[in-house]
Amino acid sequence: MSLTTAMESARSSLNVLSAQTSVVSRNIANAETPFASRKITNTVTGVGGIGVRIASITRAANETLFHNLLAANSDASRQSAIVDALEQLETTIYDTEQETSPAAMIGKLQDAIQQYSASPADPIRAQAAVSAAENVVSTLHSAADIVNGVREQADSQIAESVEHVNSLLSEFETVNNQIIMGTRTNADITDYLDQRDRILNDLSEEMGIKIISRDLNDIALF
């Protein structure tokens, strides 16, 4: 081995070592960062069999598991939204243990009518039945206001969700284009891939999404 060859081999080894050290530092710095995957340096023999070089930097990630995570996020978010709305209605409208709920008032009206039917000539029981009916009407009006409030709250949350989704889609387009460009030039795109995973996760919490992989690490989002 000539001196020039030896120096070139040593130089390439130092370059690879420097790149590997940088990647390890990134892994440590991002250890607690959500959706930051572990980066791996892949080395190959240098040109002409002299020294080594970095062939690529890849991620330790499982695409199938990630897609399952997105589907689970969508299902969980949808069910959570439904449960939250139903709980508001349940505690204010259908809860018979709550004295002012329509269900409780209707129960009181039934009792008052039964007592009045047993003694139809009793004016006190008659008045009690009328008062119970008036309370049902008043409570139903209040319940309607509650239902409208839940609907208005849902409309407001939908508007906020749409705004958030539009922002995420704009961010997704930017990052996805960076990934395509980086793939074409054989650049390190692993951080961009992590960013895209984070964006997709946030989108999956707003709606169900489907991902189709394409050339150059591009993805189509539905």
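These notes cover the structure that comes with them. (Residues numbered from 1 in each chain as written. Predicted model: local features only at pLDDT ≥ 70, side-chain atom pairs only at ≥ 80, totals over all residues. Heavy atoms only, no water.)

### Let's talk about the nonpolar core
Our working definition: We define a nonpolar core as any set of buried Ala, Val, Leu, Ile, Met, Phe, Trp, Tyr and Cys residues linked to one another through side-chain atoms lying within 4.5 Å. Using a 1.4 Å probe on the protein chains alone, a residue whose accessible area is under 20% of its type maximum counts as buried, one over 50% counts as exposed, and one in between counts as partly exposed. By definition, any uninterrupted DSSP run of H or I lasting at least four residues is a helix, any uninterrupted run of E lasting at least two residues is a strand, and each is numbered from the N terminus.
Core analysis: the largest hydrophobic core is formed by 15 residues, its most contacted members being Leu-70, Ile-199, Leu-200 and Leu-203. Contributing elements (two or more residues each) for this core: helix H2 (63-94), helix H4 (123-184) and helix H5 (190-204). No other element matches H4, which puts five residues into this core. Within the second largest apolar cluster, six residues are counted, among which are Met-105, Leu-109, Ala-112 and Ala-129.

### Quick notes on the packing of helix H3 (residues 102-118) against H4
This is how it is decided: Geometry is summarised by axes, namely lines fitted to C-alpha atoms with helices restricted to the contacting stretch, and by angles between N-to-C directions that run from 0 to 180 degrees. Should an angle fall under 35 degrees it is taken as roughly parallel, and over 145 as roughly antiparallel, whereas 65 to 115 is taken as roughly perpendicular and any remaining angle as oblique. Two helices cross in a left-handed way if the nearer one is turned anticlockwise from the farther one by less than a right angle. They cross in a right-handed way if the turn is clockwise. By the convention used here, residues are in contact when the closest approach between their heavy atoms is within 4.5 Å. Under the scheme applied, nonpolar residues are Ala, Val, Leu, Ile, Met, Phe, Trp, Tyr, Cys and Pro; charged residues are Asp, Glu, Lys and Arg; polar residues are all the others, including Gly.
Relative orientation of the contacting elements H3 and H4 amounts to 165°, with a least axis distance of 8 Å. Of the possible angle classes, the one that applies to H3 and H4 is roughly antiparallel. By crossing handedness, the relation of H3 to H4 is classed as left-handed. Contacts between H3 and H4 pair Pro-102, Met-105, Ile-106, Lys-108, Leu-109, Ala-112, Gln-115, Tyr-116 and Ala-118 from the former with Arg-125, Ala-126, Ala-128, Ala-129, Ala-132, Ala-133, Asn-135, Val-136, Thr-139, Leu-140 and Ala-143 from the latter. Along the lines of polarity and charge, the residues of the contact of H3 with H4 split into 15 nonpolar, three polar and two charged.

### Details of unusual backbone geometry
Notably, Phe-35 is not glycine yet its phi reads approximately 70°, a positive angle. Mapped onto the elements of the fold, Phe-35 is located in the loop between helix H1 (3-29) and strand S1 (38-45). Backbone geometry places Leu-216, a non-glycine residue, at a positive phi of 65°. One can find Leu-216 in the loop between strand S3 (211-213) and strand S4 (219-221).

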